[in-house]
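# Tertiary structure, described
Here's the letter readout for the chains.
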Amino acid sequence: MHVRVLGSAAGGGFPQWNCGCPNCRGVRAGAIRATPRTQECVALSADGEHWFLLNASPEIRAQIESFAPLHPRAPRHSPIAAIVLTNGDLDHCLGLLSLRESQPLVVYATETVRRGIAERNVFYRTLQRFEGQVTWRRLECGRETELLLDGGRSSGLSLAAVPAPGKPPVHLEGLEGKVAEENVGLSIREGASGHALAYFSSCGKVTADVRRAVEQAECVFFDGTFWSATELIDLELGQKRAEDMAHLPIGGAGGSLAALADLRASRRVFIHVNNTNPILREDSVEGEAVRAAGWQVAADGMEIVL
Ligand SMILES: [Zn+2]
Ligand SMILES: [Zn+2]
């Protein structure tokens, strides 16, 4: 399984256009040891020829251009076989609207996520310009789904959606109560080799389901949005705690570093890193704590082969 990180930042990217936090100021000025990052998107392939994207970030056009295997091989063609959405947050799905150039799309999502995107907003009509422009394939928690290529051929990859504590996207807050399957993680498996990847880029808590998925994987991507619960409050950038946004912080007694200390996975990567997170600074004590625990901080262009 080939894994390529196209974007590794949380919503807003790093630096974020309207953010003057120490990290964003520092990276713009070249005054800190840190690298800019685009918003989260990961490409996967079993054969190196057909690719699946995990989430579709607002920066998808530049992300596709940044990686030659995703470039067309004919006048009208794309090696992107499908897109898998883990939730309906705009930083995860807005890129779909940039893939509208008369190209049929296949999107894997839970019914809750599909409904939130396809039935609730007028912009989505741009993906309904011709019959069959978008084919939705349903993800149901706990059910193994094969990722298919054209004509129903097998891609060599299958996945199971795993319920992960999350929240509705901000633009749908208050429209309906608590809904199931609004945010999922993914257990992705390569049939031939049995290699397994766990992908939880947004996760509010390590539940029994989440734990089972990350324990079985040899490569784990996990929610790296915030180092501490009060990161935005401490920087006077917001009132919300990490938990209010359904992101488990990395540090602290109840954080993901402590909760996931005993994983067998040989590759453990924090992704969806918010621009305020001190792990973005390569010489920070928080970054050192992450590395000492055997974790890496995802960077755009990172590749993993399982
Ligand atoms: Zn996000
Ligand atoms: Zn910032």
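Higher on the page you've got the structure.
Residues numbered from 1 in each chain as written. Chains lettered and ligands numbered in written order. Predicted model: local features only at pLDDT ≥ 70, side-chain atom pairs only at ≥ 80, totals over all residues. Heavy atoms only, no water.

For the rest of this paragraph, the subject is the coordination of the zinc ion (ligand 2). Of the protein atoms, only Cys19 (SG), Cys21 (SG), Cys24 (SG) and Asn275 (OD1) coordinate the zinc ion (ligand 2), at distances of 2.2 to 2.3 Å. Geometry at the zinc ion (ligand 2) is tetrahedral, judged from the four donor atoms that bind it and their angles of 99 to 118° at the metal. The sequence motif formed by the donor residues of the zinc ion (ligand 2) is C-x1-C-x2-C-x250-N. Pair noted here: cysteine 19 is in the loop between strand S1 (2-7) and helix H1 (22-29) and asparagine 275 is in the loop between strand S12 (267-271) and helix H8 (285-292), with a separation of 256 residues, a long-range link. Asparagine 275 carries the same exposure label as cysteine 19, and that label is buried. (Donors = N, O, S within 2.8 Å, 3.2 Å for Na, K, Ca; no water. Tetrahedral: all angles 85-135°; square planar, octahedral: opposite > 155°, others 65-115°. Helix = DSSP H or I, 4+ residues; strand = E, 2+ residues; numbered from the N terminus. Buried < 20%, exposed > 50% of the residue type's maximum accessible area, 1.4 Å probe, protein only.)

Time to look at the side chain of threonine 112. Its place among the elements puts threonine 112 in helix H4 (residues 111-118). At a separation of 2.7 Å, a polar atom in the side chain of threonine 112 contacts the main-chain carbonyl oxygen of alanine 180. Residues within four places of threonine 112 in sequence aside, it is in contact with Val179, Ala180, Glu181 and Glu182. (Polar contact = N/O pair within 3.5 Å; in protein donor to acceptor, adjacent residues only side chain to side chain. Contact = heavy atoms within 4.5 Å.)

Take the nonpolar core next. Grouped together as the largest cluster of nonpolar side chains are 34 residues, with contacts concentrated most on Phe200, Val220, Phe222, Phe270, Ile279, Val290 and Trp295. Listed by contribution, the elements that provide at least two residues to this core are H1, strand S10 (196-200), helix H5 (208-216) and strand S11 (219-223). Looking at this core element by element, the count peaks at three residues for H5. Filtering out sequence-adjacent residues up to four positions away, valine 220 remains in contact with Ala198, Val214, Leu263, Ala265, Arg267, Arg268, Val269 and Trp295. Residues Val42, Leu44, Val84 and Cys219 belong to the second largest nonpolar core, which totals 31 residues. (Core = buried A, V, L, I, M, F, W, Y, C linked by side-chain atoms within 4.5 Å.)

Before going further, it helps to spend a moment on the packing of aromatic side chains. Inspection of every chain in the model, using the stated rule, returns five aromatic pairs. With 6.3 Å between their ring centres and 45° between their planes, tyrosine 124 and tryptophan 136 make a pair best called tilted. Taken together, the residues span a long stretch of sequence, with tyrosine 124 in the loop between H4 and strand S6 (134-138) and tryptophan 136 in strand S6 at a distance of twelve residues. (Phe/Tyr/Trp six-rings, centres within 6.5 Å; stacked < 30°, edge-to-face > 60°.)

For side chains of opposite charge, pairing can occur when their charged atoms come near one another. The final tally for this structure, using the stated rule, is ten salt bridges. Close ionic contact of arginine 4 with glutamate 303 constitutes a salt bridge, the shortest N to O distance being 2.5 Å. Placement of the pair is arginine 4 in strand S1 and glutamate 303 in strand S14 (residues 303-305), with a sequence separation of 299 residues. The exposure class of arginine 4 is buried, given its relative accessible area of 14%. A salt bridge links arginine 114 to glutamate 111, with the shortest nitrogen-to-oxygen separation between them at 3.0 Å. Taken together, the residues arginine 114 and glutamate 111, both in helix H4 and three residues apart, mark about one turn of the helix. Arginine 114 sits in the buried class, given a relative accessible area of 18%. (Salt bridge = Lys/Arg side-chain N within 4 Å of Asp/Glu carboxyl O.)

Here we come to the environment of cysteine 93. Within the element layout of this structure, cysteine 93 appears in helix H3 (residues 90-93). For cysteine 93, a relative accessible area of 7% gives the class buried. Every residue in contact with cysteine 93, bar those within four places of it in the chain, is listed here: Ala56, Leu85, Gly88 and Ile117.

Before going further, it helps to examine unusual backbone geometry. With the exception of glycine, most residues fall at negative phi, and the peptide bonds are largely trans. The peptide bond linking phenylalanine 14 to proline 15 adopts the cis configuration, its omega dihedral lying at -5°. Unusually for a residue other than glycine, glutamate 181 sits at a positive phi of about 60°. Structurally, glutamate 181 can be placed in the loop between strand S8 (154-163) and strand S9 (184-190). Overall, glutamate 181 belongs to the partly exposed group, its relative accessible area being 21%. At histidine 272, a position not held by glycine, the phi torsion is positive, near 65°. Its place among the elements puts histidine 272 in the loop between S12 and H8.

On to the pairing of S6. Two strands pair when backbone bridges link them, and strand S5 (residues 105-109) and S6 are joined in this way by five bridges, in the parallel orientation. Paired with alanine 109 across the two strands is arginine 138, which belongs to S6. Handedness of the crossover joining S5 and S6 through H4 is recorded here as right-handed. (Pairing = 2+ DSSP bridges. Right-handed = clockwise from strand over helix to strand, strands pointing away.)

Next up on the list: the side chain of serine 57. Structurally, serine 57 can be placed in the loop between strand S3 (51-54) and helix H2 (60-65). In this structure serine 57 comes out as buried when scored by relative accessible area, which is 0%.

Further remarks concern the coordination of the zinc ion (ligand 1). Around the zinc ion (ligand 1), the donor atoms from the protein are Asp91 (OD) and His272 (NE2), and they sit 2.0 to 2.1 Å away. Residue aspartate 91 is located in helix H3, and its partner histidine 272 is located in the loop between S12 and H8; the two are separated by 181 residues in the primary sequence. Residue classification places aspartate 91 among the buried residues on the basis of a relative accessible area of 13%. Judged by its relative accessible area of 4%, histidine 272 is buried.

By themselves these figures say nothing about function.
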